[in-house]
Amino acid sequence: MWAKFLKNLTNQKKLQNQILLLLFLSSLIPVSIVGLYGIFSSSTALSEVSETKLEDRVTDDAENIDAVLEGINEDVLFLSKIPAIQGIIRSETASEGNQSADVWVDQAQTIFESLMQAKSQYMQLRFLDENGQEIVRVDSDGTTTTIIPESELQNKGDRGYFVETMKLEPGEVYVSPVNLNQEQGKIETPFKPVIRYATPVADAAGTKQGIVIANVFAKKFLRYIEDANLSEGETALLVNAEGYYLSHPDDEKEWGFDLGNDETLAKDYSDQIVEQILQGGQGLIGTGSNELISYATVDPAPNQPGFLVAIRTVPKSTIFASVTAFKVVATLIILISLAAVLPVGVFRTSQLADLLKQIVTRISTSSQEIFSTLEEQERVASQQAASVNETTTTMDELEASSRQSAEQAKAAVSAAQKALELTQGGTQAVGETLEGMYTLENKVGAIAQQIVRLSEQANQIGSISQLVSELANKTNMLALNSSVEAVRAGEHGKGFSVVANEIRKLADQSQQSADKIGILVSEIQSAINSTVMVTDEGTKTVASGVQIAQKTNEAFTGVADAVDKVVLNNQQISLNLKQQVDAIQQVVEAMETINKGAKETATGINQTKIGTQQLNETSLELQEMV
């Protein structure tokens, strides 16, 4: 029916019907998805909360049992070490009399009774000798304690707890399974569930002489299971390591191992569930049964095989009843919401269709007017684009010309800078030459002065040489006269004659030397005179060179100033041309931007015209559809 309705709606061409279909689907699909997801997530959350609560309750049951049994180990070990027990052992193994043994028994009974009055969970406290015979026994019904007289004491040597405890070492504690208490070999009625804690007692030599054993009311912790606050359909159970029920809503199923029936966990649940529960630990089982099962293990003696398992079971129909109710309520809310929203949506859709008709009519009229305006704007924009394109071309040519002029000006600046550098180098060289000419002039003057002084000294040497020559002549004359006088003197003047000859020879040599000196002085004076003349000519030449260098320096200075001005002018021209090129470039870029904008405007107007035309066509189609 729904498929046929949707098919008819789809085949209709009216926009109103299509909008109604869209409204229906857009309301149904999201609401359904959100609703189903909300139902799923909420159901999962409720289920997890219910499972967690069930696990917490069974954990509380296990912790309560542990709290009842806490401290019993320590009490039994304490009683095994009290002086009274050791005194009883000594009195039995030594030669002490019965009177001494009775005193120790009385003391032990007093201590046992005091402990039982302080802790009401103890049902019996006993000391058994190495044969299992009760030596000290104090009973309690939970409120009143009773010391059992010697005549009523029993032998428990055949009981399992005695045999197992005697196998342990002193300091170790045996914990029995929970069972029904027996007296005189028979189960007490009404039933008294007990759990026993026992430890061996040794003498000073380390030999085991008996056991101290405490019977604990199991009812103290069974009541946490029996009196548990249970929800509808919930069951609280307690089983031992073999799966026998210690607490069950049906009393007939309890204590099967003592009463001889086979009411166990395996009889009510599958082997897989039983195996998982009796493996120990804590867990939750939700498969393989129509119940949700939570369990937790209580292990009073971790090193011994016996343990207890607290169990809570709840029918899945009960625990998930709230989830099922939530799903029903959520589904109804979704359906009611759709029923309330869809009529309003249909009414609003009708109003929307009328409004669309008015809008479509206005759009059609406006689009025609816009189309005419856009045609005119497109024509104007095309003309603007052509004009801008021509202006851009002209500015490109102007930019190229300005750029070429700028490059030429830049080249002229470079050439002028090189000429300026060469001029500055020439000016520097002329300056250095002028300084050299000044130095040369000074040195030539100094040479002239030295030559004049040398000429004067040569003249003095000539005078001295003339004087030496005259002295030599006079000496020669004197020597000659001396020789004559020596000859006259005869024999007495021979010696003097020899001296006179030597003096005459010396005078001749002096005369010859003086002549040579005179000749040399004459040659020196001739050379000096020539040097003086050359020096005068050099001095004149240097003076002329200095003048020429000064004029050259002045000429280079003028050239450098002129070239410097040329460089500055060319730099200014280059800068102006560069600025002109930058300005033209900016104008070109602006024109290109304008050109691009004009083209984009023309294109946009064209596209807008096309869009307007399409809008006009669409509005006509909408008029037909609406």
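Thresholds, definitions, all that
Residues numbered from 1 in each chain as written. Predicted model: local features only at pLDDT ≥ 70, side-chain atom pairs only at ≥ 80, totals over all residues. Heavy atoms only, no water. Pairing = 2+ DSSP bridges. Helix = DSSP H or I, 4+ residues; strand = E, 2+ residues; numbered from the N terminus. Axes fitted to C-alpha atoms, helices over the stretch in contact; angles between N-to-C directions. Buried < 20%, exposed > 50% of the residue type's maximum accessible area, 1.4 Å probe, protein only. Arc of directions from axis to C-beta. Contact = heavy atoms within 4.5 Å. Polar contact = N/O pair within 3.5 Å; in protein donor to acceptor, adjacent residues only side chain to side chain. Phe/Tyr/Trp six-rings, centres within 6.5 Å; stacked < 30°, edge-to-face > 60°. Lys NZ or Arg CZ within 6 Å of the ring centre and 35° of its normal. pLDDT = per-residue confidence, 0-100. 1 Å grid on protein atoms, 1.4 Å probe; cavity = no way out; pocket = protein on both sides within 12 Å on 5 of 7 lines; lining within 4 Å. Points joined across faces, edges and corners; volume = space filled by probe spheres on them. Nonpolar A, V, L, I, M, F, W, Y, C, P; charged D, E, K, R; others polar.

**Some remarks on the sheet that holds strand 11 (residues 245–247)**
Thinking step 1. The strand order across the open sheet built from five strands is 11-10-14-13-12, with neighbouring strands paired in antiparallel fashion. Of all the strands in the sheet, just strand 11 and strand 12 (282–285) have a single pairing partner and so form its edges. Averaged over all adjacent pairs, the angle separating strand axes in this sheet is 25°, with direction ignored.
Thinking step 2. Inspection of the sheet shows strand 13 (residues 291–298) paired to strand 14 (residues 308–315) by eight bridges, in the antiparallel sense. Across the sheet, E291 pairs through a bridge with P315, a residue of strand 14.

**Here's the deal with helix 10 (residues 271–278)**
Thinking step 1. Every buried residue of helix 10 is accounted for by I273, V274 and I277. Buried residues of helix 10, viewed axially, fall in a sector of 95°; they line one side. Projecting away from the buried face of helix 10 at angles above 90 degrees are the exposed residues D271, Q272 and E275.
Thinking step 2. In this structure, the buried residues of helix 10 make contact with helix 9 (265–268), strand 12, strand 13 and strand 14.

**Remarks on the side chain of S176**
Thinking step 1. Inspection of the secondary structure assignment puts S176 in the loop between strand 4 (174–175) and strand 5 (179–180).
Thinking step 2. At a separation of 2.8 Å, a polar atom in the side chain of S176 contacts the main-chain amide nitrogen of R196.
Thinking step 3. Once you skip the residues sitting within four places of it in the chain, S176 turns out to touch I195 and R196.

**Description of the pairing of strand 2 (residues 134–140)**
Thinking step 1. Extensive coverage of strand 2 is indicated by the burial of seven of its seven residues.
Thinking step 2. The pairing of strand 1 (residues 122–129) with strand 2 spans five bridges and is classified as antiparallel. What sits directly across from Q124, in strand 2, is D139.
Thinking step 3. The turn linking strand 1 back onto strand 2 is made up of four residues, and G132 within it adopts a positive phi angle of 95°.
Thinking step 4. Relative to strand 3 (residues 145–147), strand 2 is paired through three bridges, and the arrangement is antiparallel. Bridge assignment links S140 to a residue of strand 3, and that residue is T145.
Thinking step 5. Two successive antiparallel strands, strand 2 and strand 3, enclose a turn made up of four residues, where G142 displays a positive phi of approximately 105°.

**Remarks on helix 7 (residues 219–226)**
Thinking step 1. Those residues of helix 7 lying buried are F221, L222 and I225. Looking straight down helix 7, one finds its buried side chains confined to an arc of 105°; they lie on one side.

**Quick notes on the packing of aromatic side chains**
Thinking step 1. One pass over the full model with this rule turns up two aromatic pairs.
Thinking step 2. Seen in terms of ring centroids, Y244 and F257 are 5.5 Å apart; in terms of plane orientation they differ by 65°. Their pairing is edge-to-face. Separated by 13 residues along the polypeptide, Y244 in the loop between strand 10 (235–240) and strand 11 and F257 in helix 8 (residues 256–259) bring together distant segments of the chain.
Thinking step 3. Ring geometry for W255 and F257: centres 6.0 Å apart, planes at 65°, overall edge-to-face.
Thinking step 4. Taken together through their ring pairs, the aromatic side chains of Y244, W255 and F257 make up a single cluster.
Thinking step 5. Against the face of Y224 rests R223, its NZ or CZ located 4.6 Å from the ring centre.

**What to know about unusual backbone geometry**
Thinking step 1. The omega torsion of the bond from T189 to P190 falls at -10°, within 30 degrees of zero and hence cis.
Thinking step 2. Look at W255: it is not a glycine, yet its phi comes out positive at around 60°.
Thinking step 3. With respect to the secondary-structure elements, W255 resides in the loop between strand 11 and helix 8.

**Considering the confidence of the model for the chain**
Thinking step 1. Per-residue pLDDT for the chain averages 79, and the proportion of residues at 70 or more is 81%.
Thinking step 2. Contacts for the low-pLDDT stretch residues 5–13, under 50 throughout, to residues beyond four places or in other chains number eight contacts.

**As for the layout of surface pockets**
Thinking step 1. Each pocket or cavity is described by its volume, and for the largest pocket that value is around 490 Å³.
Thinking step 2. Looking at the largest pocket, it is lined by 26 residues, and the ones nearest its centre are Y174, S176, P177, V178 and N179.
Thinking step 3. Only helix 6 (160–166), strand 4, strand 5, strand 8 (193–202) and helix 8 provide two or more residues apiece to the lining of the largest pocket.
Thinking step 4. Looking at the lining of the largest pocket residue by residue, the classes come out as 15 nonpolar, seven polar and four charged.
Thinking step 5. The calculated volume of the second largest pocket comes to roughly 310 Å³.
Thinking step 6. Of all the elements in the fold, those that place two or more residues in the lining of the second largest pocket are helix 4 (83–93), helix 5 (98–118) and strand 2.

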